[in-house]
Amino acid sequence: MVNNFREVTSELFKLKPWMLVGGLLCFLFFMLWQLYYQFQQAEQVFVKQTQTLEKSFLLEEQRTTTLLKALAHYYSGQIIKSDKDFSLFAQSLVPNHPFIDSIGLAKIVNNENKSRFEQYQKKLGFKSFEIRSKRLFHESTVNLTDDYLAITRITPLSPKHSIYIGEDLFSLNTLHKEFFALSRENQIGLYWLNQSYNGKRVVLLNHPIYRINPNDLNAEQRQQEIQGIIFLLFNIDPLLIQKSKNVFGDQLSRLEMVLERNPVRNYWNVYQQKNGASKNGSYFENKFQQLIKLLSFKGKIQISQFRPEIRLVINAHWNLKSIETGSVLLAGFSGLMIYLVIILLFSMFFGHARSLMKMQSRLKEILHTSHDAVIITNSKGIIQSWNPRAEELFGFQREEMIGQSLPELFMHLSEDNLADPVEQKLLMLFDSKPSREHLENQAKLLELYLLNRDKQRILIEISYSILSVEDSEEISLFIQDITYQRQAETEIKHLAYYDSLTKLENRVLFKRNFEKSLNKPNPQPFSLFFIDLDGFKEVNDTLGHSIGDELLKVIAKRITNTIKGAHRPYNICRFGGDEFIIMIESPGEKLSRILLERLLQKIKRTIRLDGNELEVSASIGVATYPEHGQDMDTLLRHADTAMYEAKKLGKNTFSTYQNEMTEHLSQRLLIEKHLRQALKNNEFFLVYQPQMDLASGRVIGVEALIRWQSPELGFIRPDQFIAIAEESKLIIEIGDWVADTCIHQLKEWINTDFANLHIAINVSSVQFAFPGFIDSVRHKMDLAGLPAGLLEIELTERTVMDNPDENVQRFNDIRHQGFGLSVDDFGTGYSSLSYLKLFPLSILKIDKSFVDGLPTDENDISIANAILNLAHSLNIKVVAEGVETIEQLLFLKHAKCNYAQGYFISKPLKTEELEIWLKEHSDSFYQSELFLNAQAGLDNTL
Amino acid sequence: MPRPLIERYLYSLLFALTGLFCSTSLAAEPAEPDVKKLPTCAYIASYAPGYDWQDKLEKALKDNLQPRCHLKTFYMDSKRLKNESALNKVGDEAKAFIDSVNPTLVIASDDNAVFYVLKRHYRNSKLPFVFCGINYIGGDYGLPYRNTTGMIESSAFDQLFHILFSNLPSKSHIGFLTTTGTTANKNVAEFHESVRSQNLISSAYRAHNQEDWRKLFKTMQQDPKVDFIILDNNAAFPEWDKNFNLEWVKQYTQKLTASTHEWMMPYTAIGLTKSPAEQGEWSAKASIEILQGVPIHYLAVVPNQENILWKNKLLLQNIKESLPQELLEQARTYPFKSDENAPSRFLETSMEKSW
């Protein structure tokens, strides 16, 4: 909802043109509405003002008529009328009434005494007095009667007003007509007149005057006693304008008088404000003002009680200054805010509706494309929705399922195992509300087997949700077919915990089981058998990995079968390439031995694979819990140590861990540690053991033997560190050092008596396998200017036979470059005679073990002879090692052995000692004191 | 074209442009009020400046008219002229003056201007005339003409007699002391007209000089038949010894004396005077109406309206039978100037009854 609101608001605030236009229109509408409201208020004020004005006019008229009546009363009340006194009296009134133009006195004169009257007036000083109509008013006509109403006095008497002197008011037709009627009633007459000579409008108010007080007279008598009139000339326009302006101020735009009862309605313009906008304002301001002025008010009021047919039409424009700009703007902004709120609400509504539609569409799509079967029911389990996946899963179409009971369907599809708690739980969903509430607190994932329409068993996982919709509840079931998932999970689990090749446990499972055993409350003693196959690498290298794999499968099966026979709890793990570990409840020492021997035996049995007859053995290290360790790592390490011990014991055997083995291993690690520093510290040195030509007794060369004198460890034998150096690949550096030292020595011997001696150097299999080794030695020899024949490469029989096909080529290279090539320890390994004949060997060296029994041990004699015969047949010379007695020497000489070396001839000597020894035996060993003494001793024995 | 000729043309063009610029610049300046556009009014004064009546009348005339009219004045100074021919001559000069200024209208103040200029030269002519200061009763000018209007001096005698006799009803005889000359003649005629209209008993005396005037004054004060004495204008005596006469009047005043001329108030106990300013103002306003287009025959000839009741406290204290105090309280006290109360030499003069 919050996101939806944000979406809507963000959508809203993305301004769009229609929004701006709408906002502007709303702003303007409310502004105009407020203006209209203010206009109406102003109109009401205007109406009140017109009423006030009307009252004001009527009051003014009343005041004026009162004044007129008072004057008339004053005049008529005088016994001796004095026009002059009246004039003086009236003169004082005029200044107090600014709109009274003048006050006058007119007398009725008939034709008979007209002349006399005129003369009288002249005598009074009005020398030009003459009764006549000067047509001072547009309303003046010709008086054809014998009566005149002559103005005799006018106040103030100024030249401007003097024009009225002598004017015959009976020339005003209306006045004349009404005069006598009004005289009879002593009533005021009122006449609107237009002055002809200046266009001004005046109102003539007249009141009759009588010779005696009219109040004492009846109408007839008043008619008899009528003397004339007192009249007022009223400047009506200034009055109307000023009073209107007082009320309306600048708002007043026009005043008109209309005579409504005239046959033709007569309009008189009284006032019109000069139109046109201010010159100071801008064009638009002026236009705006003109526009506002169109908003004007119009009222019509009565201004005279005597002439109600005369009405004043007032036009007033709306005063801009009265506009409350703040309110207008406030209304505009309020409108804008309302607009924004409405837009926001609409946007929210439509946004929400759109969102719901989208949601509905999505849900529909989700239901349609869901990988889960989605079934929605009411609280009774009547199906309301059934998606395609449900059709697919159960085989029932939507049309046939809508309205059906889902519990009944489940009962129908179950394997009639209604006692199944999971199924019971599922049915409870459709039971009652309390049941459902009870389920609310439980896990909502149910897993059970059902049958589909085709009666196929499927494992399904059901999750459900209960949704309250208004007063009812809807139950949604999400059903997933997990048949294949469970199978895959089992496979994955198997892959994760079992070796795919041998189907044995892998390290992970083994470790878990191992720890499980250890973590038991009272763990039983058990044994670990660490099995490493002997010769598996060779099989792999020679016959390929596929054969190797098949071999491992066979071995695994044999191990399993063998262990099974022990009837003890066990775990078998393929630990590495050709390593297996067996954890077995301690069978006891005897049974353990039997079991181990049976294992060795079973493993060693020939295996036929793809036409190959293979035979591998195993070295087994044994460690027992808790005797040899309390944890897996210790036990494994100790079993591994024991396995190495078995390897050292010659393989195809087993060895039980002993603490000394650890010590030995520690010693080995110590040697390895110091070995790395030995070269840098120049701790190695070479000794040379002479090789003698048995036929001549002359020394033909020496075998270089390495020695290590460690400052910390003391003297270390080669058999103690060579293997370690090979395993750690330090042998390559050591071998280089040996070669360099020998070449240096050969170079030293050039041009000496020892220049023809060759030096045989032992080359480790690791060093030999290192590419470029021979080329490097050759390069060094060339640099030293030495012939290659002075250096003999000694390889062990195992090295030579390690990779015979490849080695043939390399041996040829060695030989072609001139180096000698000898095989050390010949007879200890298993040389293939077929390969031996292919190898371009120059020398075979009979191992000391075969020499030791000579000349008494028949086997050794046979072997020695066989080797000699073989070598000679292949044109290979033979060196007998370890010749320690004269008997051995003589036997070998007799057996046509080519060369011999051994302590009998000389122990290995340092360079200086060797050179002394060589000098001493420069002719022949047989001439040496040693040989001669030995021969003498032999002779004596014989 | 030769080079000098080209230069000449160029210079001519430059001057022409400069001249054009100057003329347009001048034309663009705001025009000052053009007195020539005002209509010209000719004012023909019967008297000359220095005469109180004339000065006040002329001042009121100018104050009201001059903003609307360019007024050109001709003073006839007729009091200086002793014979008819001189007056006719100055009347001709005035006409010549009027012809020379060619006025829209003419204002003529007092009798000599009306008689020797208007009546003689412009009666019923097309040139409008506004007259004032005319003692109508005393004159025979045939006014009004078709081209005239104006204000006449109404007789104050009626009102004055009314005041005197209504407040002192036991009195019946009224004396009138005047001088010589046109105005005096008209005043006498007016006096007699009023006396006749009110059916009063009267005696009129004409003094030919100031000594004569003093004698007559003394005689009238001492004549038991005369109840009141009206003193007319003394303008006919240019040699008037003001201080001496004041002392004289003060010494011999025992009856109620009155005048219709303001400047005679130092010599009388009460006065009911006409206003020269009213005459001048009316003339000005009537002229304005005419200038505004009101036909001259629309404008009525009217009598003056303003009369002022004065009292001279100095002389009133000498009079036994005076007016009621209530009436005198309504009268204005004459404001004596500093030299009017100064003692002067008493002159004994003879009095002569004129007729």
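Because the structure is a prediction, the values reported are computed rather than measured.

Chemist: Hey, could you run me through the pairing of strand E8 (residues 296-302) of chain A in this one?
Modeler: For a regular strand, the rule is simple: side chains alternate between the two faces of the sheet. Residue and element names in this part refer to chain A. Of the two faces of E8, the one lined by Phe297, Gly299 and Ile301 is fully buried and the one lined by Ser296, Lys298, Lys300 and Gln302 carries no buried residue. Relative to strand E9 (residues 310-317), E8 runs antiparallel, the two being bridged by 7 bridges. Looking across to E9, one finds that Ile301 is bridged to Leu312.

Chemist: I would appreciate a short explanation of the packing of helix H2 (residues 17-77) of chain A against helix H10 (residues 325-369) of chain A in the present structure.
Modeler: The description of two packed helices rests on the angle between their axes and on the distance between the axes. All names here are of chain A. One way to put it is that H2 packs onto H10 with a least axis distance of 7 Å and a crossing angle of 140 degrees. In terms of their interaxial angle, H2 and H10 are classed as oblique. In this structure, the crossing between H2 and H10 has a hand that is right-handed. Every residue of H10 that contacts H2 at Trp18, Met19, Gly22, Gly23, Cys26, Phe27, Phe30, Met31, Gln34, Leu35 and Gln38 is listed here: Ser327, Val328, Leu329, Ala331, Gly332, Phe333, Gly335, Leu336, Ile338, Tyr339 and Ile343. When grouped by side-chain class, the residues that make up the contact of H2 with H10 number 15 nonpolar, 7 polar and no charged.

Chemist: What am I meant to see in the interface of chain A and chain B here?
Modeler: Many structure descriptions define interface size as the accessible area lost when the parts assemble. Facing 19 residues of chain A, the contacting portion of chain B comprises 19 residues. Counting each side, the surface lost to burial between chain A and chain B is near 1,700 Å², with a carbon and sulfur contribution of 67%. Linking chain A to chain B there are 0 salt bridges. Applying the counting criterion to the chain A and chain B interface returns 5 residue pairs in polar contact (both at pLDDT 80 or more). Here the side of chain A that touches chain B gets 3 residues from one element, more than from any other, and that element is helix H5 (residues 159-162) of chain A. For the side of chain A that touches chain B, the per-class residue count stands at 8 nonpolar, 4 polar and 7 charged.

Chemist: It is not clear to me how the nonpolar core should be interpreted in this structure. Could you clarify?
Modeler: Side chains that are nonpolar tend, in soluble globular proteins, to be buried together. Counting residues in each nonpolar core, the largest one holds 108 residues, and the members touching the most others are Leu169(A), Leu164(B), Trp213(B) and Ile230(B). When residues in this core are grouped by element, the largest group, 6 residues, is from helix H5 (residues 157-167) of chain B. In contact with Leu164(B), other than residues within four places in its own chain, are Ile174(B), Phe228(B), Ile230(B), Leu256(B), Ile270(B) and Leu323(B). Core analysis: the second largest hydrophobic core is formed by 90 residues, Val738(A), Ala788(A), Ile867(A) and Leu918(A) among them.

Chemist: Any chance you could explain the sheet that holds strand E1 (residues 100-110) of chain A here in plain terms?
Modeler: Strand pairing in a sheet is mediated by backbone hydrogen bonds. Such pairs are either parallel or antiparallel. All names here are of chain A. The antiparallel open sheet is built from 5 strands, whose spatial order is E2-E1-E5-E4-E3. Where the open sheet ends on each side, the last strands, each with one partner, are strand E2 (147-155) and strand E3 (189-194). Going across the sheet, the axis of each strand differs from the next one's by a mean of 30 degrees, ignoring polarity. Two elements, strand E4 (residues 201-210) and strand E5 (residues 226-235), share 9 bridges in a ladder whose sense is antiparallel. Bridge pairing links His207 to Ile230 in E5. Most of the contacts of helix H4 (residues 114-123) go to E2, to which it runs at about 10 degrees, and overall it touches E1 and E2. Contacts between helix H8 (residues 236-248) and the sheet are confined to E3, E4 and E5, with E5 contributing the most and set at about 45 degrees to the helix.

Chemist: Honestly, the side chain of Ser283(B) in this entry has me stumped. Any pointers?
Modeler: Residue and element names in this part refer to chain B. Position of Ser283 relative to the elements: it lies in helix H9 (residues 276-291). Separated by 2.8 Å, the side chain of Ser283 and the backbone oxygen of Gln279 make a polar contact. Apart from the residues within four sequence positions on either side, Ser283 is in contact with Leu61, Ile107, Val130, Phe131 and Cys132.

Chemist: Is there a simple way to explain the layout of surface pockets in this structure?
Modeler: To find leftover empty space, one rolls a probe the size of a water molecule over the atoms. In this structure, the second largest pocket encloses a volume near 1,500 Å³. What lines the second largest pocket is a set of 39 residues, among which Lys84(A), Leu124(A), Ser155(B), Asp158(B) and Gln159(B) lie closest to the centre. Only helix H3 (83-93) and H4 of chain A together with H5, helix H6 (182-197) and strand E12 (307-311) of chain B provide two or more residues apiece to the lining of the second largest pocket. For the lining of the second largest pocket, the element with the most residues is H5(B), which contributes 6 residues. Among the residues forming the lining of the second largest pocket, the class breakdown is 13 nonpolar, 15 polar and 11 charged.

Chemist: I keep staring at the packing of aromatic side chains and nothing clicks. Help me out?
Modeler: When we look at a pair of aromatic rings, we describe it by the centre distance and by the angle of the planes. Tallied over the entire structure, the rule returns 54 aromatic pairs over all chains. For the ring pair Phe170(A) and Phe179(A), a centre distance of 5.2 Å and an interplane angle of 75 degrees mean the geometry is edge-to-face. Both residues of the pair, Phe170(A) and Phe179(A), count as buried. Their ring planes at 85 degrees and their centres at 4.9 Å tell us that Phe811(A) and Phe839(A) sit as a pair that is edge-to-face. Linking Phe811(A) in helix H28 (residues 804-816) with Phe839(A) in the loop between helix H29 (833-836) and strand E28 (843-846), this pair joins segments that are 28 residues apart in sequence. An identical accessibility class is assigned to Phe811(A) and Phe839(A); each is buried. Put simply, the rings of Phe39(A), Phe46(A), Phe248(A), Phe297(A) and Trp318(A) pair up and form one aromatic cluster. Its end group placed over the ring of Phe768(A), Arg810(A) keeps NZ or CZ at 4.3 Å from the ring centre. The ring of Tyr51(B) carries the charged tip of Lys79(B) above its face, separated from the ring centre by 4.6 Å.

Chemist: Any chance you could explain the pattern of salt bridges here in plain terms?
Modeler: Within the structure shown, the criterion is met by 43 salt bridges over all chains. Of the charged contacts, one joins Lys604(A) and Glu615(A) as a salt bridge, the two residues approaching to 3.3 Å between their closest N and O atoms. A residue pair is termed long-range when its members are at least 10 positions apart, and Lys604(A) in helix H20 (residues 589-604) and Glu615(A) in the loop between strand E19 (612-614) and strand E20 (617-625) qualify at 11 residues. For Lys604(A), a relative accessible area of 31% gives the class partly exposed. Here Glu153(B) makes a salt bridge to Lys274(B), at a shortest N to O gap of 2.7 Å. With Glu153(B) in the loop between strand E5 (148-152) and H5 and Lys274(B) in strand E10 (residues 270-274), this residue pair connects regions lying 121 residues apart in the sequence. Each of the two residues, Glu153(B) as well as Lys274(B), counts as buried. Shared partners join several salt bridges into a network, and the residues in it are Glu703(A), Glu794(A), Lys845(A) and Glu881(A).

Parameters and conventions
Residues numbered from 1 in each chain as written. Chains lettered and ligands numbered in written order. Predicted model: local features only at pLDDT ≥ 70, side-chain atom pairs only at ≥ 80, totals over all residues. Heavy atoms only, no water. Buried < 20%, exposed > 50% of the residue type's maximum accessible area, 1.4 Å probe, protein only. Helix = DSSP H or I, 4+ residues; strand = E, 2+ residues; numbered from the N terminus. Pairing = 2+ DSSP bridges. Axes fitted to C-alpha atoms, helices over the stretch in contact; angles between N-to-C directions. Parallel < 35°, antiparallel > 145°, perpendicular 65-115°, else oblique. Left-handed = near helix turned anticlockwise from the far one by under 90°. Contact = heavy atoms within 4.5 Å. Nonpolar A, V, L, I, M, F, W, Y, C, P; charged D, E, K, R; others polar. Buried area = accessible area lost by both parts, 1.4 Å probe. Salt bridge = Lys/Arg side-chain N within 4 Å of Asp/Glu carboxyl O. Polar contact = N/O pair within 3.5 Å; in protein donor to acceptor, adjacent residues only side chain to side chain. Core = buried A, V, L, I, M, F, W, Y, C linked by side-chain atoms within 4.5 Å. 1 Å grid on protein atoms, 1.4 Å probe; cavity = no way out; pocket = protein on both sides within 12 Å on 5 of 7 lines; lining within 4 Å. Points joined across faces, edges and corners; volume = space filled by probe spheres on them. Phe/Tyr/Trp six-rings, centres within 6.5 Å; stacked < 30°, edge-to-face > 60°. Lys NZ or Arg CZ within 6 Å of the ring centre and 35° of its normal.

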